[in-house]
Amino acid sequence: MQKREGLPFVRLMMIISSLTPLFLLWAVRGMQPIPDKWIFVSVAILTLFPNGVLLARLIIAKRHGDEHTLAIQIADDHRDHLLVYLFAILIPLFDANVGRTRDTAATLVALVLVVFLFWHLNLHYMNLFFAFLGYKVFTIQASSDAQPLVLLTRRNALTPSKIQAYRLSNTVFIERS
Amino acid sequence: MPYEYHDPANIQFGICRGDLHLGDSTIIPVDETVQGLIQQMILATRREMDLDQPHVRLPRYEPSQDYRVGSHAALPLANRLANQLRAFYEMENRPIDGNALAEPQAITAYFAIVHDHEGNKLVAIRRATQFKGVLKAHLIRFVNDSLRAVPDRVFKLDSEFDLLIVDQAIYVHSIPAFEHLAGIDDQLRAAAIENTQELGQLLTEFDFDGMVPFVQGHKRAARLVAALRARDDLEATSATNFRRECGRSGISVNTVDGKLCPDAGHELAFLQMLDRRRYVVSLVAGRRERYEAGSRKSTGVTDRQEGQRPARRRN
């Protein structure tokens with residue numbers, strides 16, 4: 001059977017939420033020829049709405065008992081993914097020329113492609129806000145041939161054990177604190 | 001620490017497609033109302049089997065037993081017959097899919113996985129025969145004292161599960177469902193040769209080699225052999241006593257190369273005698289009545305002391 005990731009809207013919002021730092025940098029720098037007021041409004045929407053959805057998803061998961069016991073046998077620390085995200089996505093997009101209409105359009109198209117890739121590769125767990133809140137990203141498996149899951153946790157290391165976690169999407173969980 | 005039934009930390013609901021061991025199983029997210037219903041089902045199943053009563057122990061499941069409707073049994077999770085259910089129980093981090101009910105015809109069972117706050121796990125499984133029927137028909141429910149047909153697809157939960165797997169044991173609420181879910185017949189057929197040969201190693205005064213083709217071809221015989229294999233008193237069987245009991249019950253046995261074996265046509269009765277399922281009663285003078293015990297229950301064992309003879313009645 002084909003695996004379904006589920007919760008597509010939440011995943012899209014998580015991806016856009018992960019680009020919040022870029023939006024903030026653009027707002028500070030400005031994007032000619034787009035007027036500043038439109039940039040501020042857009043950035044406010046693109047920042048507040050996706051993060052609001054993410055927060056709502058977490059509240060709904062807690063309220064409805066969408067909690068799972070996850071078995072950890074193999075755990076990989078993916079802190080380096082954030083560095084890749086920072087250097088491969090944020091900085092190049094921020095550095096892109098946006099002085100002319102076509103440059104701006106090209107940058108926005110690149111942004112859409114990044115969103116598509118994040119969606120396609122299930123990289124919606126990349127979120128600097130989680131990092132700011134002290135969460136680390138781990139890939140966990142119950143056995144070597146089991147489906148890998150992403151766990152956001154404040155622990156520095158994971159040992160073989162079972163933990164309680166809320167479901168953010170079908171493959172991304174955040175440990176119950 | 002045993003599983004704490006009244007202290008669930010989280011409750012997951014899922015469905016299976018195909019056989020339990022070969023098919024795939026998927027978790028479907030459910031809200032707290034469904035979780036509450038599942039918890040009620042688990043408690044009702046436990047109550048039906050009297051597991052909530054102290055000192056109640058269910059009889060051990062025997063594949064050779066004819067169980068009546070409403071019988072319950074238990075089987076250690078480490079038992080060979082529990083292989084499929086053990087693998088299902090031990091599987092962790094199942095995939096999650098909120099759309100898994102999209103193809104209801106393929107669903108063969110539904111299950112719940114519950115963890116208590118100590119990390120103990122309970123798995124409850126129910127065959128989904130009724131569920132499929134409900135999806136095809138319209139479900140009727142009470143609304144304002146009047147019946148109303150619900151045209152939507154409705155998942156109808158039952159009142160109890162067929163079995164609970166918890167604390168290293170399988171507690172069977174429905175024997176036929178358990179045998180289906182555990183694939184008992186397939187397992188016994190696959191293990192028929194091995195089980196029969198192992199009987200020969202345990203009972204050195206008996207010859208089972210000639211019975212292998214018979215056991216392979218007879219489901220009942222395969223069940224008897226598996227039940228015999230699980231007995232812990234088999235090696236103490238007295239060939240002399242066995243021959244005597246066979247004679248009383250009309251089971252024709254022979255000795256080949258110093259080993260006891262059944263005559264053709266008496267193989268099943270031979271195995272039944274070993275499994276204490278053949279007996280003779282003589283309540284009418286001069287008449288012996290022979291019976292076959294499809295279902296039997298031990299009412300006790302008396303060991304005769306060495307040198308002691310049965311008491312004789314004196315006038």
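Conventions and cut-offs
Residues numbered from 1 in each chain as written. Chains lettered and ligands numbered in written order. Predicted model: local features only at pLDDT ≥ 70, side-chain atom pairs only at ≥ 80, totals over all residues. Axes fitted to C-alpha atoms, helices over the stretch in contact; angles between N-to-C directions. Helix = DSSP H or I, 4+ residues; strand = E, 2+ residues; numbered from the N terminus. Parallel < 35°, antiparallel > 145°, perpendicular 65-115°, else oblique. Left-handed = near helix turned anticlockwise from the far one by under 90°. Contact = placed C-beta atoms within 7 Å. Nonpolar A, V, L, I, M, F, W, Y, C, P; charged D, E, K, R; others polar. Domains from an automatic or database assignment. Pairing = 2+ DSSP bridges. Core = buried A, V, L, I, M, F, W, Y, C linked by C-beta atoms within 7 Å. Buried ≥ 20, exposed ≤ 12 C-beta atoms within 10 Å, placed from the backbone.

(A) View of the packing of helix 2 (residues 20–29) of chain A against helix 4 (residues 79–95) of chain A. Residue and element names in this part refer to chain A. Between helix 2 and helix 4, whose axes approach to 10 Å, the crossing angle comes to 20°. Our classification of the angle between helix 2 and helix 4 gives roughly parallel. Crossing angle aside, the handedness with which helix 2 passes helix 4 is right-handed. Counting all contacts with helix 2, which are made through Pro21, Leu22 and Leu25, the residues of helix 4 involved are Leu90, Leu93 and Phe94. Taken together, the residues of the contact of helix 2 with helix 4 break down into six nonpolar, no polar and no charged.

(B) A look at the packing of helix 1 (residues 8–18) of chain A against helix 5 (residues 101–120) of chain A. Residue and element names in this part refer to chain A. Taken N-terminus to C-terminus, the directions of helix 1 and helix 5 make an angle of 130°; their axes are 10 Å apart at the nearest point. Our classification of the angle between helix 1 and helix 5 gives oblique. Here helix 1 and helix 5 pass one another in a crossing that is right-handed. Contact residues: Arg11, Leu12, Ile15 and Ile16 in helix 1; Val115, Phe118 and Trp119 in helix 5. When grouped by side-chain class, the residues that make up the contact of helix 1 with helix 5 number six nonpolar, no polar and one charged.

(C) Representation of the domain arrangement of chain B. All names here are of chain B. Domain annotation for chain B reports domain 1 (8–182) and domain 2 (186–292). For domain 1 versus domain 2, the distance between C-alpha centres works out to 36 Å. Each partner contributes residues to the interface: domain 1 has five residues there, and domain 2 has seven residues. The residue inventory of the side of domain 1 that touches domain 2, partitioned by class, reads two nonpolar, two polar and one charged.

(D) Seen up close, the sheet that holds strand 5 (residues 161–167) of chain A. Residues and elements named next belong to chain A. Read across the sheet, six strands follow the order 1-5-6-4-3-2 without closing on themselves; strand pairing throughout is mixed. At either end of the open sheet lies a strand with only one pairing partner, and these are strand 1 (67–72) and strand 2 (74–77). Ignoring which end each strand starts from, the neighbouring axes of this sheet average 40° apart. Where strand 5 lies against strand 6 (residues 172–175), three bridges are found, and the strand directions are antiparallel. Counted as the bridge partner of Arg167 is Phe173 from strand 6.

(E) Structural view of the nonpolar core. By size, the foremost hydrophobic cluster in this structure holds 66 residues, and its most contacted members are Phe111, Ala112, Ala124, Leu163, Leu164, Ile165 and Val225 of chain B. Residues from two domains meet in this core; each of domain 1 (8–182) and domain 2 (186–292) of chain B gives at least three. Formed by 36 residues, the second largest nonpolar core is a distinct cluster that contains Met13, Tyr85, Val172 and Phe173 of chain A.

(F) Looking closely at the environment of Val98 of chain A. All names here are of chain A. Looking at the element boundaries, Val98 is found in the loop between helix 4 and helix 5. Taking the C-alpha atoms as reference points, Val98 and Ile34, separated by 64 residues in sequence, lie 9.7 Å from one another. Residue contacts for Val98: discarding those within four places in its chain leaves Met31, Gln32, Asp103, Thr104 and Thr107.

(G) Examining the pairing of strand 4 (residues 149–153) of chain A more closely. All names here are of chain A. Counting buried positions along strand 4 yields five of five residues, so the element is predominantly enclosed. With burial as the criterion, each face of strand 4 is covered, one bearing Leu149, Leu151 and Thr153 and the other bearing Val150 and Leu152. Note that strand 4 and strand 6 share three bridges and pair parallel. Bridge pairing in strand 6 links Val150 to Val172.

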